[in-house]
Amino acid sequence: MERTFFMIQIALLGLGIVGSGTAEVLTENKSIIEARLGREYNIKYILDLRDFPESPFGGLVVHDFNTILNDPEVTVVAEMMGGSHPAYDFSRACLEAGKNVVTSNKEVVASFGAELLELA
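The rules we used
Residues numbered from 1 in each chain as written. Predicted model: local features only at pLDDT ≥ 70, side-chain atom pairs only at ≥ 80, totals over all residues. Heavy atoms only, no water. Helix = DSSP H or I, 4+ residues; strand = E, 2+ residues; numbered from the N terminus. Rg over C-alpha atoms; globule rule 2.2 N^0.38 Å. Buried < 20%, exposed > 50% of the residue type's maximum accessible area, 1.4 Å probe, protein only. Contact = heavy atoms within 4.5 Å. Pairing = 2+ DSSP bridges.

Undergrad: So what exactly am I meant to see when it comes to the overall build of the protein chain here?
TA: When its secondary structure is counted, the protein chain shows 5 helices and 5 strands. Along the protein chain, helices (α) and strands (β) appear in the sequence β-α-α-β-β-α-β-α-β-α when read from the amino end. The C-alpha atoms of the protein chain give 14 Å as radius of gyration, which agrees with the globular expectation for 120 residues (14 Å, within 12%). The C-alpha extent of the protein chain, read off along each of the three principal axes, is 40 × 35 × 25 Å. For the protein chain, the proportion of its 120 residues judged to be buried stands at 37%. Sequence-distant contacts, at least 24 apart, represent 64% of the contacts inside the protein chain between residues at least 6 apart.

Spelled out as structure tokens, the structure:
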């Protein structure tokens, strides 16, 4: 695998069913995904209101969105919170900060997709 000088730092917004599944897929398939990307990546933060002491991802959980927003190393944010707010607000703020955003949130896409696409 060709390596570059920096690693992609990822933040996940939400550690529910979709968020925990995403974290598992990114972890269990890391070598395959990195080979396809041609770059290494790391899940740096997971935003959630709850703590997950029994989860292998528990140590990555943060409760303050600004931790993610203000970290210049985080370049990819995956929003999997559900509902319109604060999911839309966080996605918009990340795009305005120059971060790449991906979402599984159909409500946000249906209500604000055109606006977010224009920001991207």
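Undergrad: For this particular structure, what's the right way to read the sheet that holds strand E5 (residues 100-103)?
TA: Picture the strands of a sheet paired through backbone hydrogen bonds; they go either parallel or antiparallel. Spatially, the 5 strands line up as an open sheet ordered E3-E2-E1-E4-E5, and their pairing is parallel. Unpaired on one side and paired on the other, strand E3 (61-62) and E5 mark the two borders of the sheet. For strand E1 (residues 8-13) and strand E4 (residues 74-79), the ladder comprises 5 bridges, and the chain directions are parallel. Residue pairing for E4: isoleucine 10 is matched across the bridge by valine 76.

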